[in-house]
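Each chain is listed here by its residues.
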Amino acid sequence: MAAEEPAQVSRIGVMGGTFDPIHLGHLIAAESVRDGFHLHRVLFVPAGTPPHKTERRVAPAEHRLAMVRLAVAGNPGFEVSTIETDRPGASYTVDTVRSLRREMPPQTKLYFITGADAVLEILTWKDPFEIFRHCDLVAVTRPGYDAAALDRMVGTLAGSGGAVHRLVIPEVSISSSEVRERVREGRSIRYLVPDAVGEYIWRTGLYQD
Ligand code: NAP
């Protein structure tokens, strides 16, 4: 925490995701940022209707939300927000951070946590420069990310007032698509997702068709 920062400033991480399903890579990213940026808590915000996932069917929001709840249970630094699953229409990040900013004390510092790949796409999101008015961005780097492209984008965004921090996290190359693929093939997803999430997936039959 910066030395000049008043003690009452809350530092909140916002971990947005489709979480289809949530896996250990997501949890490691959130915990690394919570620890590295001395955050008081991290809000996991499952997208209700992800605006960018048009090429495939996404599991119903209530299942993705239920799995996120199971995954974060037991970590007092993690919470789940239903702000996007409660809101009708496409889940735009700008609407979410604007609402969070309104409902939190003005001195709250918000950090939107996202993968380096997503940062490279951010100029295609709805109203990206308004997002930066409400929060800083933390880009977590995952295996194979394009460091030069991220450097260029960070420079571009900084020129427009966007604060982007980078954090190298332990490399865990798990992806939601790999988890779904394994389930479809009837293979093990143990140690890729929390046990309770794995049990939920097998019990509900998600991703098996
Ligand atoms: P996701 O696939 O569920 O992943 C959530 C985040 O975790 C992503 O930033 C992803 O980074 C990261 N991640 C995944 N696996 C990881 C691993 N093994 N290690 C480290 N990090 C990992 O969610 P998403 O569909 O990318 O969406 C991310 C957020 O961006 C959501 O809140 C979504 O609503 C928002 N978004 C908004 C707009 C818009 O407002 N128009 C458009 C697109 C996305 P990677 O990017 O590197 O996969």
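Cut-off values and rules
Residues numbered from 1 in each chain as written. Predicted model: local features only at pLDDT ≥ 70, side-chain atom pairs only at ≥ 80, totals over all residues. Heavy atoms only, no water. Helix = DSSP H or I, 4+ residues; strand = E, 2+ residues; numbered from the N terminus. Near = heavy atom within 4 Å. Polar contact = N/O pair within 3.5 Å; in protein donor to acceptor, adjacent residues only side chain to side chain. Areas by Shrake-Rupley, 256 points an atom, 1.4 Å probe, with all protein chains shown as cover. Nonpolar A, V, L, I, M, F, W, Y, C, P; charged D, E, K, R; others polar. Phe/Tyr/Trp six-rings, centres within 6.5 Å; stacked < 30°, edge-to-face > 60°. Buried < 20%, exposed > 50% of the residue type's maximum accessible area, 1.4 Å probe, protein only. Core = buried A, V, L, I, M, F, W, Y, C linked by side-chain atoms within 4.5 Å. Contact = heavy atoms within 4.5 Å. Axes fitted to C-alpha atoms, helices over the stretch in contact; angles between N-to-C directions. Parallel < 35°, antiparallel > 145°, perpendicular 65-115°, else oblique. Left-handed = near helix turned anticlockwise from the far one by under 90°. Pairing = 2+ DSSP bridges. Right-handed = clockwise from strand over helix to strand, strands pointing away.

Peer 1: Would you explain unusual backbone geometry in this entry?
Peer 2: What is expected of a backbone is that most residues other than glycine have negative phi and most peptide bonds are trans. Between Asp20 and Pro21 the backbone carries a cis peptide bond, its omega angle lying at 0°. Tracing the backbone through its elements, the reader meets Pro21 in the loop between β1 (11–17) and α1 (24–36). The phi angle at Tyr207 is positive, at roughly 65°, despite the residue not being glycine. With respect to the helices and strands, the residue Tyr207 is situated in the segment after α8 (195–204).

Peer 1: What is the right way to look at the site of the ligand in this model?
Peer 2: In the neighbourhood of the ligand, 25 residues make up the surrounding shell, with Thr18, His52, Gly115, Arg142 and Val172 lying closest. Between His23 and the ligand, the recorded distance is 3.5 Å, taken from a side-chain N or O atom to a nitrogen atom. The contact in question runs from an oxygen atom of the ligand to an N or O atom on the side chain of Thr114, over 3.2 Å. Starting from 880 Å² of accessible surface for the ligand in isolation, the protein chains cover 91%. Split into classes, the residues belonging to the shell around the ligand amount to 10 nonpolar, 11 polar and 4 charged.

Peer 1: I'm lost on the packing of aromatic side chains in this one. Help?
Peer 2: Aromatic ring pairs are described here by two measures, namely the spacing of the ring centres and the angle between the planes. Scanning the entire structure with this criterion turns up 5 aromatic pairs. For the pair Phe19 and Phe44, a centre-to-centre distance of 6.0 Å together with 45° between the ring planes defines the contact as tilted. One end of the pair, Phe19, is in the loop between β1 and α1; the other, Phe44, is in strand β2 (residues 41–46), with 25 residues separating them in the sequence. The pair Phe19 / Phe44 is uniform in exposure class, with both members buried. Ring geometry for Phe112 and Trp125: centres 6.2 Å apart, planes at 85°, overall edge-to-face. With a gap of 13 residues between them, Phe112 in strand β4 (residues 109–115) and Trp125 in the loop between α4 (116–121) and α5 (128–134) connect regions that are remote in the sequence.

Peer 1: Honestly, the environment of Gly159 in this entry has me stumped. Any pointers?
Peer 2: Mapped onto the secondary structure, Gly159 falls in helix α6 (residues 147–159). Through-space distance from the C-alpha of Gly159 to that of Phe19 is 31 Å; in sequence the pair is 140 residues apart.

Peer 1: What should I look at first to understand the nonpolar core in this one?
Peer 2: Taken as a class, soluble globular proteins show a tendency for nonpolar side chains to be buried jointly. Within the largest apolar cluster, 34 residues are counted, with the highest numbers of intra-cluster contacts made by Met15, Ile22, Val33, Val42, Phe44, Met67 and Ile201. Elements with a minimum of two residues in this core: α1, β2, α2 (61–72), β4, β5 (136–141), α7 (176–184) and α8. Other than its neighbours up to four places away in sequence, Ile201 contacts Pro21, Met67, Val183, Ile189, Leu206, Tyr207 and Gln208. In this structure, Val94, Met104, Ile131 and Val154 belong to the second largest nonpolar core, which totals 24 residues.

Peer 1: Just to check I follow, could you spell out the side chain of Thr93 for this structure?
Peer 2: As for its position among the elements, Thr93 is in helix α3 (residues 93–103). The exposure class of Thr93 is buried, given its relative accessible area of 14%. Ignoring sequence-local partners within four residues, the contact set of Thr93 consists of Glu84, Phe112, Trp125 and Ile131.

Peer 1: Explain the packing of α2 against α8 here, please?
Peer 2: When two helices pack together, their arrangement is given by the angle between their axes and by how far apart the axes lie. Put simply, α2 and α8 touch, their axes get as near as 8 Å, and they point 150° apart. Taken together, the axes of α2 and α8 are roughly antiparallel relative to one another. In this structure, α2 meets α8 at a crossing whose hand is right-handed. Contact with α2, carried on its side by Glu62, His63, Ala66, Met67, Leu70 and Ala71, involves Ala196, Val197, Tyr200, Ile201 and Thr204 of α8 and no other residues of that element. Looking at side-chain class alone, the contact of α2 with α8 contains 8 nonpolar, 2 polar and 1 charged residues.

Peer 1: Honestly, the pairing of β5 in this entry has me stumped. Any pointers?
Peer 2: Remember that side chains alternate between the two faces of the sheet whenever the strand is regular. Counting buried positions along β5 gives 6 out of 6 residues, so the element sits mostly inside the fold. Residues Asp136, Val138 and Val140 point to one face of β5 and Leu137, Ala139 and Thr141 to the other, with burial holding for every one of them. The pairing of β4 with β5 spans 5 bridges and is classified as parallel. Bridging from a neighbouring strand, Tyr111 pairs with Asp136 of β5. For β5 and strand β6 (residues 164–168), the ladder comprises 5 bridges, and the chain directions are parallel. What sits directly across from Leu137, in β6, is Val164. Note on the crossover from β5 through α6 to β6: the handedness is right-handed.

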